[in-house]
Structures are given as C-alpha cells and as structure tokens.
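# Summary of structural features
One letter stands for each residue in the lines below.
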Amino acid sequence: MIKVNVSGCQSFVKAADYKKYVKKALDAFDVLDGEEGAGNDFLGWKHLPSDVLDPRSVEPTKGYPVPAISEGLLEECEAVCNNWKMKGVDLVVVIGIGGSYLGARCAIEALSHNFAKQLRAKNAPDVVFAGNNLSEEYLADLLDLAAERNTALIVISKSGTTTEPAVAFRVLKEFVEKHYKDASERIVAITDAVKGALKTLATQQGYKTFIVPDNVGGRFSVLTPVGLLPIMVAGFDVRAILEGAAEMEKSLAVKSEDNPAVVYAAMRNLLYSEMGKKVEIMVTYNPKLQYLGEWWKQLYGESEGKDGKGIFPASVNNTADLHSMGQFIQEGERVMFETVINVEKAGRSVVIGSDEQNLDQLNYLAGQHVEHCGAMAQLGTKLAHIDGGVPQLEISIERINERNLGGLFYFFEFACGVSAYTLDVNPFNQPGVEAYKKNMFALLNKPGYEEASKAIQKRLK
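Calculation notes
Per-chain numbering applies: the sequence of each chain, read as written, is numbered from 1 onward. In keeping with the model being predicted, local features are shown solely for residues with a pLDDT of at least 70 and side-chain atom pairs are shown and tallied solely at 80 or more, while totals for entire chains, interfaces and linings include all residues. To get the side-chain values, all heavy atoms of the structure are used, and hydrogens and water are removed first. By nonpolar core we mean a set of buried residues, namely Ala, Val, Leu, Ile, Met, Phe, Trp, Tyr and Cys, connected to one another through side-chain atoms within 4.5 Å. Burial status follows relative accessibility: with a 1.4 Å probe on protein chains alone, a residue under 20% of its type maximum counts as buried, one over 50% as exposed, and anything between as partly exposed. Only DSSP runs of H or I reaching four residues or more are called helices, and only runs of E reaching two or more are called strands; each is numbered from the N terminus. Here, residues are in contact when the closest pair of their heavy atoms is within 4.5 Å. Here the aromatic set is Phe, Tyr and Trp, taking the six-membered ring for Trp, and pairing holds for ring centres within 6.5 Å; pairs whose planes are under 30 degrees apart are stacked, those over 60 apart are edge-to-face, and all others are tilted. By the criterion adopted, a ring carries a charge over it if an Arg CZ or a Lys NZ lies within 6 Å of its centre and within 35 degrees of its normal. Only protein atoms enter the 1 Å grid used here, on which a cavity is any set of points holding a 1.4 Å probe that cannot leave and a pocket is any open set flanked by protein within 12 Å on both sides along at least five of seven lines; residues with an atom within 4 Å of a point are listed as lining. Grid points are joined across faces, edges and corners, and a volume is the space filled by probe spheres set on the points. A strand pair is defined by DSSP finding two or more bridges across the two strands. Each axis is a line fitted through C-alpha atoms, and for a helix only the stretch in contact is used; angles between axes span 0 to 180 degrees, taken between their N-to-C directions.

### Re the nonpolar core
Counting 101 residues, the largest nonpolar core has Trp45, Trp295, Phe411 and Phe412 as its most contacted members. It is helix H15 (residues 402-423) that contributes the most residues to this core, 13 residues altogether. Aside from chain neighbours lying at most four places away, what touches Phe411 is Ile2, Val4, Met248, Leu252, Pro260, Ala261, Tyr264 and Ile395. Listed in part, the 23 residues of the second largest apolar core include Val155, Ala168, Phe175 and Tyr207.

In structure tokens form, the structure reads like this:
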C-alpha cells in the first residue's frame, strides 16, 4: 500500500553507513515493539486500528487495561451524525488545537472536492475549525458564519482548560445556548474518561461524550474519536480509514530490513547524524495534501525535538512553492533533505486541448493529461534538487482515498516511534510546550502566577 524509495539518497551516503543505521532502526523497532522504552505508557495508538474495528479482540497489554474504546464507537459516531442531520445541522465547528484538530483537518482537506464549499454539492455539514489560535478577528468572523447557518459544536480537550480551545468554546457555547433551545444536543465533548473541567461540564450539561484514551497522546489521536467523529461528520468513510490503518499496522509489525518504517527511520537519521541534514521538508504535489504536512510537522516536531536533538520538520506544496521556496531549496544552505509524497494516480481527468493560435506555445502538450505535466515537473524537480545537493526520499501511495490516508497516518506514527528511539529520545512527551504557557499565564495575570508575572515585568522594563 505504501512504498518507500531511498534511491534519491544513495549518491549522498555510504552503503556501510546505511547498513549501520538500519541496524540502529531495527534495535529501535525492538524497543517500540517490546513496549519498554521511554514513554511506554502512551502506546495505545499502536493497535487502535484493529481495536476499533474489532474491539472483542483487544487484550490488556503491559499492565494497561483495554483502551477506552466502546464496542459501538462507530455506531455512536453515526448516531451523532444522524441526530444532527435530523436537526438540519449544516455547520459543525470542531474546537481543538494541535493533535485535537490537525488529523481531522488533514483527512477532510485531502478527501474533499477542492471547491466543495462553493459547489455545496455534498450531503454533509461543512466542518470548520476553531480553538487553534487566539485571533479575535477569526472568532468574530466565525460567529458571523454560525449566525447564518444551523450550527453544532465538537469540543476536543482532555483537560478542558487549554487556553486557545477553552476561550473559543466559551464564546461558541454561549452562542449556541443563546440561539438554540436544544443546545446540549448540539455539543459533543471528546475528553478524559473521568476527570477535567470539560468532563465535569459535559456531565452537568448532558453533552454526548466520547473518550480520549489515557494511553494515546494528542498527536497520535487521529484514529480515536478525536479524528474519527469530525471526519465522519464531514461525510467520509472512517471504516475505510481504519481498514487502511489496520492493514498498515499488520504490515509494519514484521521486523525486517525492508520494513518501510525501518527504511524511513534509518535513512532520515543517517542524513541527520552523519550528513548534517538538520531540516526535513515534506513535499506534496497535490493541494489536497497541504494539511498532511501540517499534521506531520506536529507529529515529528513534538516527538523528536528535545534534548538538544531533532530534525526540523518543514513542508511545501509544489509546484506552487517551487516559485517561492524553490530557489532556496535548489541553491541555499545545504542543511536539508526532502521527503516527497508521491501519488501515483489522479482522482480526476483533464486533457490539455489544442489552440489554433498557440500564443501560449503549449500545443506541444495537446492531448496530454495535466497530471502527466505534473509528474514530469515532479521528476524534473527531483533530478534538479539531487544535483543541487538535496537528498530525496519518496513515499508513494496509489491514489488519495480513505484507505490510503489511513495507511499514511499509521505509517508515519509507527515510523515516528522507530525514528525517535533511533535518535534516543522519548517520542511521547513534550516538556518544552509548557514554557510559553507559563509566560502567557503570567502576562494575563492568571491566579497562581503572581511571582512569575513580577519576574516578567521586571525583564520587560
């Protein structure tokens, strides 16, 4: 389903070094497989695809109970969709930040018609996102939209107190309560099983609630209700996503030098540690995959960027970004390598016609599919960048659909665990994320941060 091609790196590395890093990646595979490495209490994502599809097969492992996934999870998601359909809901606001929205947004963007909102052609609500910024203008504009539509909310937070989504939810909850008598039926909470502000509120107000398993971190949560419910609400086949992920789960469980996750982890760590390639650029050639890069950046940035280590994850969407970032990638400082997402088959067909005047000088392309031109641009870019000193990995899927997207999600999650253990960091914590929050709370005069506030004010004088 997924193929990893590292031939675009071979002219940059020695075969002996690659073999050494494959051995390192296989050792890291053992750590991940044995579930005894750093952060091993956050490995619930490893078997999520098969657990959700067949919860009866789930066994407690490594001292942890069966994940908090109900046997009828997908049926419960379908019930929410059907209830909102009966109410005529045509706008669903998903409130969350980081892993609480990026996976769902990635899937919805990838699977949607590029102009679905303008065509208004699908029989499902529009899904929009909030709580991922602190822009007053964005939130005010969203309220304008909600006022014109039949609106419901999905709020995602384990604690319910993360500032960005908490602010958005407070504002949007007030809006829904003001405009709808059945407000509690228009709000779904995806949160902790037993504790936290959002769980308490959901219990008090009678919101339908889904659980984020304790042993699944936010950036690994796309195959929990965090991702599955919004994707289903948007009208897409989450069973196919899970089936693709489960197929990948089974494939990657086999320890082998040819295991795609091992190959990817080995080569990227070799380029980083031995070649000084500190930046990895995810390259997509289809605008539908732009948010795959955003989801991947969080997954790898938070998982590997610690202890003074880590490959900096960046992303571009070509060919558009060849006209902005292309110059730097071709001739700038040689600190980067590329990981290209190659889609082998287009989902639609458009053929370039002939023109009698040929003023644009494109008649030499008459009769060609636009996708053929894109493929040649992609190949030409590959050759140019390799010649310019940029190694290139390639990850291929047949086409963009639910099944392949599920496979990609699971592939990158599993490969992330292998790669981080190869780098000798804990893939599942993010201690640095709290630093800005402490400063922000002090500047906002949050109770309990008085001393920090005084210290910051002194620094700012």
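Picking up after the structure, the text goes on.
### A word on the packing of aromatic side chains
For any two aromatic rings, the description comes down to two numbers: the centre-to-centre distance and the angle of the planes. Applying the stated criterion to the full structure yields 17 aromatic pairs. Ring geometry for Trp45 versus Tyr410: centroids 6.0 Å apart, planes at 50°, classification tilted. Taken as a pair, Trp45 in the loop between helix H1 (15-34) and helix H2 (48-53) and Tyr410 in helix H15 lie far apart in primary sequence, 365 residues in all. By the burial criterion, Trp45 is buried, and Tyr410 matches it. Measuring from ring centre to ring centre gives 6.3 Å for Tyr300 and Phe412, while their planes differ by 90°; the resulting arrangement is edge-to-face. Residue Tyr300 is found in helix H12 (residues 290-304), and its partner Phe412 is found in helix H15; the two are separated by 112 residues along the sequence. Each member of the aromatic cluster is reached from another via a ring pair, and the members are Phe29, Trp45, Phe220, Tyr410, Phe414, Tyr421 and Phe428. The aromatic ring of Tyr180 is capped on one face by Arg186, whose charged end is 3.8 Å from the ring centroid.

### Focus: unusual backbone geometry
Look at the link from Asn318 to Thr319: it is a cis peptide, with omega at 10°. Considering the arrangement of structural elements, one finds Thr319 in the loop between strand E8 (312-317) and helix H13 (326-331). Backbone geometry places Gln361, a non-glycine residue, at a positive phi of 55°. For Gln361, the location among the structural elements is in the loop between strand E9 (336-343) and helix H14 (370-387). Unusually for a residue other than glycine, Asp424 sits at a positive phi of about 65°. Inspection of the secondary structure puts Asp424 in the loop between H15 and helix H16 (434-443).

### Topic: empty space enclosed by the protein
Tallied over the full model, the rule gives 2 cavities of 30 Å³ or more. The computed volume of the largest cavity comes to approximately 40 Å³. Lining the largest cavity are Gly99, Ser100, Tyr101, Leu102, Gly103, Ala104, Gly218, Val222, Val226, Gly227 and Trp295. Among the elements of the structure, helix H4 (102-111) and helix H9 (225-233) are those that each provide at least two residues to the lining of the largest cavity.

### Description of the sheet that holds E9
Sheet architecture is open: 5 strands sit in the order E1-E10-E9-E7-E8, paired in mixed fashion. Strand pairing shows two members of the sheet lacking a second neighbour, strand E1 (3-8) and E8, which therefore form its edges. When the angles between neighbouring strand axes are averaged without regard to direction, this sheet yields 25°. Sheet topology note: the E1/strand E10 (residues 392-397) ladder contains 4 bridges and is antiparallel. Counted as the bridge partner of Asn5 is Glu394 from E10.

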